[in-house]
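# Residue-level structural notes
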Amino acid sequence: MVAIISPKLLINGELVDASDKKTFALYNPATREKVADVPEASAQDTNAAVAAAKAAFPAWSALNPTVRAGYLKKLAVLLRTHTPELARLEAVSMGRPIDQFFDSYAAASHYDHYAEAWPQIQGQASLHTPGYVTMTLRQPVGVVAAIIPWNVPLLFFASKSAPALISGNTVVVKTSEKAPLAAARVAELVQEAGFPPGVFNVLSGHGLPSGNLLARHMDVRALSFTGSGRTGRLIQEAAAQTNLKKVTLELGGKSPALIFADADMDKAVEETVNSIQWNSGQVCMANSRIYVEHGAAADAFKAAFARRFATIVKPGDPLQTGINHGPQADEVQYKSVMAYIEEGKKGGGALATGGKGTLDTTGGYFVEPTVFIDTPESASIMREEIFGPVVNISTFATEQEAIQVANDTEFGLYAAVYTKDISRAMRVAKALESGYVGVNCTSPSTGHDMPFGGYKGSGQGREGWLHSMDNFLETKSIMIKVDEAKL
Ligand code: NAD
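Residues numbered from 1 in each chain as written. Predicted model: local features only at pLDDT ≥ 70, side-chain atom pairs only at ≥ 80, totals over all residues. Heavy atoms only, no water.

Under an unreviewed UniProt entry, the name given to the protein is aldehyde dehydrogenase (NAD(+)), and the source organism is Ophiostoma piceae. Taken from UniProt, the Sequence similarities (unreviewed entry) comment for the protein reads in full: "Belongs to the aldehyde dehydrogenase family." The UniProt entry for the protein carries the following comment under Catalytic activity (unreviewed entry): "an aldehyde + NAD(+) + H2O = a carboxylate + NADH + 2 H(+)". (UniProt positions renumbered as here; feature names shortened; annotations may be inferred.)

Now the structure itself:
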């Protein structure tokens, strides 16, 4: 049974409705049934959340970091405890099968990690300027806004708020209109964890008004965004037009996987299929472009990939166990993915499997795993992010050609190379224009302590356990004149 929740905004420690009582309807993408009326944060609510965060900042930033850490640890425990409920709420919001829900554990690990990470915040000191002792201090920026997407909502909720909070900042999280329910439950858990009023605020709503207002707000000093390139550009523009807040952007991808003939083909098939199938292809770093070295191995790869992609999928109600393929997140996403598939059919490549929205067993927005072969590089399905279970497989003749096609994109989030030749792996990894490169592995394989982020249009800045706190800290230089000692 679906957990019942009456979602609220968390502003200044209080769970409240929108000030103008406005709500928006949320529909289960697996059944198209309405599941909740969600508060649409108004401009007044957004301003109130920022004002509360600003008022809470002096006391919060002055606390001993071990005290701040205590709240994060309490929240981590609550997240783990409430996993089944959070999994159900995510399933009915954006269609993630409950069997594939790992997000509350991932979110909890972020709060736990950052609770211990504060000793990493250090300045420097030197005697390199004669007559002075110089030092730097790392200080919180003040109010931080986090604007998150719907595809792995709780992960982004935590990966942005935890480093901001432990560094002494206060936070306003704006959740996605497509996946507001689990986040609204976490807002209740934030209250239960006992964070002082105003330190941690959570808003639900659309880009307009609340997202845009956070991006323009003069009292928001840093904004961490994960979402589409289109919205990222709007946020960057809004920041430039107002207070030049520090903006971190984690945007979309069109990730290539390069498979050389000497690779372990069974592993390469298994992992590249998983990369584009998990979360029904709704993953920023999914390998949506696969290039295999020309020859017999390429033909075998294409056949094995299409077979596996079509057969491992178990579509159905995300609330049931044994399901690994949920619907696309909503009607808009479904229509967008299906439009790309129709474009793909006219794009000059061959359709190897899939191509229809016929997996529907529950009245929802299900899309078949779809494989195109040899689509020309100029086609829209090769150039734009589809965000669905849709992949193209082409061949390449030389290492140079593989690098050229992989880099021929404005995206640069994650690239993979499969080969047993370590020198070639390192040559290719060095040449790929990508923030992340997997060698004999592909996305979503990542390391917690590694920086994550995009080259080119895939973003700006980096996140990761050793990196995210920097996004929310200023650096102050202090020089102290020292009089010559009279010895
Ligand atoms: P989106 O850009 O449509 O929305 C993201 C968030 O921005 C939502 O909370 C939305 O309400 C808000 N928003 C919309 N308009 C806004 C505005 N004008 N000002 C401020 N905020 C606004 O993206 P989405 O559809 O939720 O997410 C999918 C996208 O996210 C894909 O492109 C995907 O690749 C990307 N993504 C990137 C990463 C990464 O780490 N690089 C991870 C996950 C998803």
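### What about the overall build of the protein?
Of regular secondary structure, the protein possesses 14 helices and 20 strands. Here the C-alpha radius of gyration of the protein, 24 Å, is about what a compact globule of 487 residues would show, namely 23 Å. Along the first, second and third principal axes, the C-alpha atoms of the protein reach 80 × 60 × 40 Å. For the protein, with 487 residues in total, the buried portion stands at 57%. Of the roughly 19,500 Å² of accessible surface on the protein, a fraction of 55% belongs to carbon and sulfur atoms. (Helix = DSSP H or I, 4+ residues; strand = E, 2+ residues; numbered from the N terminus. Rg over C-alpha atoms; globule rule 2.2 N^0.38 Å. Buried < 20%, exposed > 50% of the residue type's maximum accessible area, 1.4 Å probe, protein only. Areas by Shrake-Rupley, 256 points an atom, 1.4 Å probe, with all protein chains shown as cover.)

### A look at helix α8 (residues 229-241)
In this model α8 runs 18 Å from its N-terminal to its C-terminal C-alpha over 13 residues, within 8% of the 18 Å that 1.5 Å per residue would give. Burial in α8 covers these residues: Gly229, Gly232, Ile235, Ala238 and Ala239. Summarising the contacts, the buried residues of α8 are in contact with β7 (143-147), α7 (207-216), β10 (220-226) and β11 (246-250). (Expected span 1.5 Å × (residues − 1). Contact = heavy atoms within 4.5 Å.)

### Thoughts on the packing of aromatic side chains
Tallied over the entire structure, the rule returns 13 aromatic pairs. Look at Phe102 and Trp278: their rings are 5.9 Å apart centre to centre, the planes differ by 65°, and that puts the pair in the edge-to-face class. One end of the pair, Phe102, is in the loop between α3 (83-94) and α4 (103-117); the other, Trp278, is in the loop between α9 (265-277) and β13 (289-293), and 176 residues separate them in sequence. Ring geometry for Trp150 against Phe387: centres 5.5 Å apart, planes inclined by 85°, an arrangement best described as edge-to-face. In this pair, Trp150 sits in the loop between β7 and α5 (153-166) while Phe387 sits in the loop between α12 (380-383) and β16 (390-396), placing the two residues 237 residues apart along the sequence. Like Phe387, Trp150 is buried. (Phe/Tyr/Trp six-rings, centres within 6.5 Å; stacked < 30°, edge-to-face > 60°.)

### Details of the UniProt feature "domain: Aldehyde dehydrogenase" (unreviewed entry) in the protein
Here the UniProt-annotated "domain: Aldehyde dehydrogenase" (unreviewed entry) positions come out as residues 18-478. Across residues 18-478 one finds 39% helix and 19% strand; the C-alpha atoms that close the span lie 44 Å apart.

### Remarks on the domain arrangement of the protein
Domain annotation for the protein reports domain 1 (9-251 + 455-475) and domain 2 (256-439). Counting each side, the surface lost to burial between domain 1 and domain 2 is near 2,600 Å², with a carbon and sulfur contribution of 54%. Our enumeration of links across domain 1 and domain 2 arrives at 2 salt bridges. Residue Lys178 pairs with Asp330 through a salt bridge whose shortest N-O separation is 3.2 Å. Across the domain 1-domain 2 interface, the total number found is 17 residue pairs in polar contact (both at pLDDT 80 or more). With 5 residues, the single largest contributor to the side of domain 1 that touches domain 2 is α3. Partitioned by chemical class, the residues of the side of domain 1 that touches domain 2 number 12 nonpolar, 7 polar and 8 charged. (Domains from an automatic or database assignment. Buried area = accessible area lost by both parts, 1.4 Å probe. Salt bridge = Lys/Arg side-chain N within 4 Å of Asp/Glu carboxyl O. Polar contact = N/O pair within 3.5 Å; in protein donor to acceptor, adjacent residues only side chain to side chain. Nonpolar A, V, L, I, M, F, W, Y, C, P; charged D, E, K, R; others polar.)

### Here we look at the packing of helix α2 (residues 65-81) against α4
Following both chains from N to C, one finds α2 and α4 inclined at 165°, their axes separated by 8 Å at the closest point. Classified by the angle between their axes, α2 and α4 sit roughly antiparallel to one another. Both α2 and α4 take part in a crossing whose hand is left-handed. Along its contact with α2, which presents Ala69, Leu72, Lys73, Leu75, Ala76, Leu79 and Arg80, the element α4 presents Ser104, Tyr105, Ala107, Ala108, Ser109, Tyr111, Asp112, Tyr114, Ala115 and Glu116. Here the residues of the contact of α2 with α4 are counted per class, giving 11 nonpolar, 2 polar and 4 charged. (Axes fitted to C-alpha atoms, helices over the stretch in contact; angles between N-to-C directions. Parallel < 35°, antiparallel > 145°, perpendicular 65-115°, else oblique. Left-handed = near helix turned anticlockwise from the far one by under 90°.)

### Let's talk about the site of the ligand
If you check the shell around the ligand, you find 29 residues, and the closest are Glu177, Ser228, Thr231, Leu251 and Glu385. Between the ligand and the protein, one listed contact pairs a nitrogen atom with a backbone N or O atom of Leu251 at 2.7 Å. Contacts to the ligand include Glu385, whose side-chain N or O atom sits 2.5 Å from an oxygen atom. In the complex, the protein chains occlude 91% of the 840 Å² of accessible area that the ligand would expose alone. (Near = heavy atom within 4 Å.)

### Let's talk about the sheet that holds strand β17 (residues 415-418)
Strand order in the open sheet made by the 7 strands is β14-β15-β16-β13-β12-β17-β18, with mixed pairing throughout. The strands lining the two open edges of the sheet, one partner per strand, are β14 (350-353) and β18 (437-439). Each strand axis lies, on average, 20° off the axis of its neighbour in the sheet, ignoring direction. Alignment of strand β15 (residues 370-373) against β16, held across 4 bridges, turns out to be parallel. Across the sheet, Ile373 pairs through a bridge with Ile393, a residue of β16. (Pairing = 2+ DSSP bridges.)

### Quick word on the pattern of salt bridges
This model, assessed by the stated rule, comprises 20 salt bridges. Taking the shortest distance from any N to any O, the salt bridge between Lys345 and Glu342 comes out at 2.9 Å. One end of the pair is Lys345 and the other is Glu342, both in helix α11 (residues 331-345) and 3 residues apart, which spans about a single turn. On the accessibility criterion, Lys345 (37% relative accessible area) is partly exposed. By relative accessible area, which is 36% here, Glu342 ends up partly exposed. Where Arg383 meets Asp408, a salt bridge forms, and the shortest distance between an N and an O atom there is 3.4 Å. Residue Arg383 is located in helix α12, and its partner Asp408 is located in the loop between α13 (399-407) and β17; the two are separated by 25 residues in the primary sequence.

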